[in-house]
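Observations on the model geometry
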Amino acid sequence: MDPGSHSVAFPRRWWYPVARSTELGRKPLAVTLMDTPLAVFRDAAGVPAVVLDRCGHRNYPLSLGRVTGDGLLQCGYHGWSYDGAGQCLRVPGLRQVRTQSTWHVPAHRCVEQDGFVWAWGEPDAEPTRSPYSLPVVDGRGAGETVFRCDLDSTLRASLENALDVPHTAFLHGGLFRGKTRNTITAVRRPIEGGVEVQYLGEPAGMGPLRLPETSSRTFDHWDRFLLPSIAQIEYAVEGWFRVVNTLVQLPLSPFRTRAWFVVRFSSPLPAPVVQTVVQLQGRRILRQDANALARQTERTRSLGGERYASTELDLLGTAIWRLLNHAERAERTNGSDLPPASVSERRVVFEA
Amino acid sequence: MDPGSHSVAFPRRWWYPVARSTELGRKPLAVTLMDTPLAVFRDAAGVPAVVLDRCGHRNYPLSLGRVTGDGLLQCGYHGWSYDGAGQCLRVPGLRQVRTQSTWHVPAHRCVEQDGFVWAWGEPDAEPTRSPYSLPVVDGRGAGETVFRCDLDSTLRASLENALDVPHTAFLHGGLFRGKTRNTITAVRRPIEGGVEVQYLGEPAGMGPLRLPETSSRTFDHWDRFLLPSIAQIEYAVEGWFRVVNTLVQLPLSPFRTRAWFVVRFSSPLPAPVVQTVVQLQGRRILRQDANALARQTERTRSLGGERYASTELDLLGTAIWRLLNHAERAERTNGSDLPPASVSERRVVFEA
Amino acid sequence: MDPGSHSVAFPRRWWYPVARSTELGRKPLAVTLMDTPLAVFRDAAGVPAVVLDRCGHRNYPLSLGRVTGDGLLQCGYHGWSYDGAGQCLRVPGLRQVRTQSTWHVPAHRCVEQDGFVWAWGEPDAEPTRSPYSLPVVDGRGAGETVFRCDLDSTLRASLENALDVPHTAFLHGGLFRGKTRNTITAVRRPIEGGVEVQYLGEPAGMGPLRLPETSSRTFDHWDRFLLPSIAQIEYAVEGWFRVVNTLVQLPLSPFRTRAWFVVRFSSPLPAPVVQTVVQLQGRRILRQDANALARQTERTRSLGGERYASTELDLLGTAIWRLLNHAERAERTNGSDLPPASVSERRVVFEA
């Protein structure tokens, strides 16, 4: 039995979220980016920095150290101290302080934006683009709520799960679906840095905010994937509400993915009410998804790889993988960054 | 130091027990056969079926799903539904239902017999024989009792342990042996699908049912191995009692073996009394054996393999391995199924 | 990123401590020497013996057995019994007792000295030297105290940590150092079977026994490494006190090291007072070191190897590795046992 392989890709010339701004205070943080341990800290001016979490001396994790008064990251073992560029500037005990290239630790350029610290995936390299900007949702009753979850899953499986409509009827059965059958049209089209699916004719009783099943109103609904690790679900009913759920993801390792759910919304309800509902409903759905992803990962790992069969309903799942895979390959071959032709416009009708 | 290798064999063209009939109700069961995950379920007519425990779509374990009203095994992630032959008959949301070969999951033929669901070791293949039939023990005070245990052990080590007489004096010291020394003759001979050892002159004070040590009565005692995974111990005293303990085993993985102990007996005592004694004594002995097997396995694994030395007392252990190994090789080379000549008749005298 | 490699060496033609004499009573002990499982026991005369912890028969751990009245190590599974040379002298049940070479288990020569059982690293071989003799500390208030710790660390990292002065200011900050800056000269020189560093001008306020910081007295202080696994720290003030802390170490596996700290001392204080202080302070420091070593090991393992940068302050760390590595290579190539020229006399001045 051919086990297949795992759809794991890691395009490096992109931005990845390594921490929420609010998580990062005076103490350095430890995180991994595809198994590479990183230490995240703020220098004396509060500017975040990301270096390989390994002292150049005896390889002690720098994240276990502290930030000195002058904003250096000081190792907790022998006190070697580094600036945000990974340069070792102090070696306690040494009378003549020099700087040697072998004392350098690799550093990742980083940017603080939209409440996240973003690190460039390639160490000691200059970024060639900006991080994705989260959409602004304003107007009446606008608000934001964020939750975080670590998933036992590849980045690809987590992205596909987040953007997959058909599973909601089964995995989240009681939560989402009504009993009436509907026909929905989905249109997939490439967008800047990713791909989007727009759903047409979706009755406004499917999502977390329900209407009576007899209502004939429809949602505006888009699902989007943005390279390298962002999934976005947008629901709106013109003049009534708009909710954009952006999953900002960090591939901790090939089979473990950290996801922040940034839910921005406007609605007739007071923001704190919506926040509470989203947190409760969101965490409930998330528990089901996290469990399913863990089981799926367990299975594909125990069998040595994935063997997926796809239908026309898997509109985004296949596109996500093509884009991720293409982005990784493009870096290796210095090929074009542009999405592959295989992620072309496509229209599918399905029952829901 | 040459570590040796592990005596792990997996002949596939044989029947393996995958569940007790009574374990398998409306919910599908998960089990592994030499690390291959299987989902066991009953169709609408109650007939058991065994399929690879991996949905063809996104590889979610089918055993986490449910059996539909019309007897299909429905995946819990997106609802793909399979019949007992592994054919996918429904894909929710898809308007045009087709059947594609890539949607098929491998299925194992199965049979329900003697209170067990037996699966053929090779998927998508026709069985070439019937499962072993457990012997009937009837007459006065006849009864049956069953217990189950998962052992950290290769199938071979578990089989050898079950059928090994010499270890009882040491591992189960206080339980089995009297203090008088006896000379016992053991005769090994090939039988249909396996090998048997008959013990001659064994005083009827050795086994779980003791006589006063001064008694001169002897047991009839046979130990049998039946390919691929059955061990059987039969004790009888003509006109007094007969007990047949059949270990029906499932190799969950190379180093983990599930054993059901099916003890059938007739005796002057009421059956419930014997059942109670057998359960208590049996579980006590089993705990000692399970622990010894786990330690043995730990040791051979930590050293990278087995390095066994055998004496003439290891009459069955060596024969078990030759038969298992021969059966596996015969399949690979399409050779003869018959037991190898090396398992010939042999007579050994030992002290006990 | 080149991960580097781990500095793991295992010279076999040396003595390793496998147990404290007081640990080894009537019951056999289990221990590993670089992942090789060993059973340690005392024969009828109380003489310790060390054999591979695997019965020659079915590979059950011999350490789970017992020592017979006549001083043989008897397997707990089938009762095979071995003498201290690993020879199998008894097989229960077998009428004709022979001795076959395949029944032999490898044995390590051993010696009991200085309160330890020492085993020769190479099985079935004659030692070519004696174990290291621990120094005698006598005179007024002389005493000894011992503690043991298992470290998640290579032998090399544990040795380096024990003998490394610069880390004490950081890892043990509050415990060791005063606030005044001093200039210390360290002289490294080869010694019989190892290397030593002597510190000159070290103010007597650095160590576990403090003087007022204004005191101008200086310590005599030597740090020593003795092949293959001994670290020794000696502090003395002429006419006042002397303390020799000898770390006797057993590499359980490449990344796990057992260390016994044998602290011998003489001082004006009553020995029980010093014992109490040393135990309390020692264990406190040890917890910090054990934790740091575990983190360092975790990091180098997660990154696939060490990438150390060294300065002139790492006087002993680099020498330890050269000596260990050299000793291992010398065995493979039958080369000279003598320390390499690279561990030559060297003088370094540093701030403390």
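Since the model is a prediction, treat every value here as computed from it, not as a measurement.

Observations concerning the domain arrangement of chain A
All names here are of chain A. On domain assignment, one finds that chain A holds domain 1 (15–120) and domain 2 (143–351). If you look at the interface, domain 1 gives nine residues, while domain 2 gives eight residues. Taken together, the elements giving at least two residues each to the side of domain 1 that touches domain 2 come down to strand S1 (15–20) and strand S2 (29–33). With four residues, S1 is the single largest residue contributor to the side of domain 1 that touches domain 2.

Topic: the relation of the copies chain A and chain B
Between chain A and chain B, the superposition needs a rotation of 120° and an axial shift of 0.1 Å, giving an RMSD of 0.1 Å. Within this description, the copies of the chain are treated as partners about a three-fold rotation axis.

What about the interface of chain C and chain A?
At the interface, 22 residues of chain C touch 20 residues of chain A. Secondary structure elements with two or more residues in the side of chain C that touches chain A: helix H2 (168–171), helix H4 (271–302) and strand S19 (346–351) of chain C. The leading source of residues in the side of chain C that touches chain A is H4(C), at six residues. Here the side of chain C that touches chain A is composed, by residue class, of 12 nonpolar, five polar and five charged.

Here we look at the pairing of strand S11 (residues 116–120) of chain B
Residues and elements named next belong to chain B. Most of S11 is tucked away: five of the five residues are buried. Burial along S11 is two-sided: the residues Phe116, Trp118 and Trp120 and Val117 and Ala119 are all buried. Relative to S11, strand S1 (residues 15–20) is paired through five bridges, and the arrangement is antiparallel. By the bridge assignment for S11, tyrosine 16 is matched with alanine 119. What sits between the antiparallel neighbours strand S10 (residues 110–113) and S11 is a turn of two residues, in which aspartate 114 has the positive phi angle 55°.

Examining the interface of chain A and chain B
If you look at the interface, chain A gives 22 residues, while chain B gives 20 residues. Every element with two or more residues in the side of chain A that touches chain B is listed here: helix H2 (168–171), helix H4 (271–302) and strand S19 (346–351) of chain A. Broken down by element, the residue count for the side of chain A that touches chain B peaks at six residues, all from H4(A). When grouped by side-chain class, the residues that make up the side of chain A that touches chain B number 12 nonpolar, five polar and five charged.

With respect to the nonpolar core
Buried together is how nonpolar side chains tend to be arranged in soluble globular proteins. One finds Val18(A), Val18(B), Val51(B) and Val18(C) to be the most contacted residues of the largest nonpolar core, which totals 259 residues. Discounting residues that sit within four places of it in the chain, Val18(B) has contacts with Val31(B), Leu33(B), Leu38(B), Val40(B), Val50(B), Val117(B), Ala119(B) and Leu250(B).

Overview of unusual backbone geometry
Here Leu227(A) and Pro228(A) are connected by a cis peptide whose omega angle stands at 0°. Mapped onto the elements of the fold, Pro228(A) is located in the loop between strand S15 (220–226) and strand S16 (230–237). One non-glycine residue, Asp114(B), adopts positive backbone phi at about 55°. Note that Asp114(B) resides in the loop between S10 and S11. The class for Asp114(B) is partly exposed, based on 17 C-beta atoms found within 10 Å.

Thresholds, definitions, all that
Residues numbered from 1 in each chain as written. Chains lettered and ligands numbered in written order. Predicted model: local features only at pLDDT ≥ 70, side-chain atom pairs only at ≥ 80, totals over all residues. Domains from an automatic or database assignment. Contact = placed C-beta atoms within 7 Å. Helix = DSSP H or I, 4+ residues; strand = E, 2+ residues; numbered from the N terminus. Least-squares fit on C-alpha atoms with pLDDT ≥ 70 in both. Nonpolar A, V, L, I, M, F, W, Y, C, P; charged D, E, K, R; others polar. Buried ≥ 20, exposed ≤ 12 C-beta atoms within 10 Å, placed from the backbone. Pairing = 2+ DSSP bridges. Core = buried A, V, L, I, M, F, W, Y, C linked by C-beta atoms within 7 Å.

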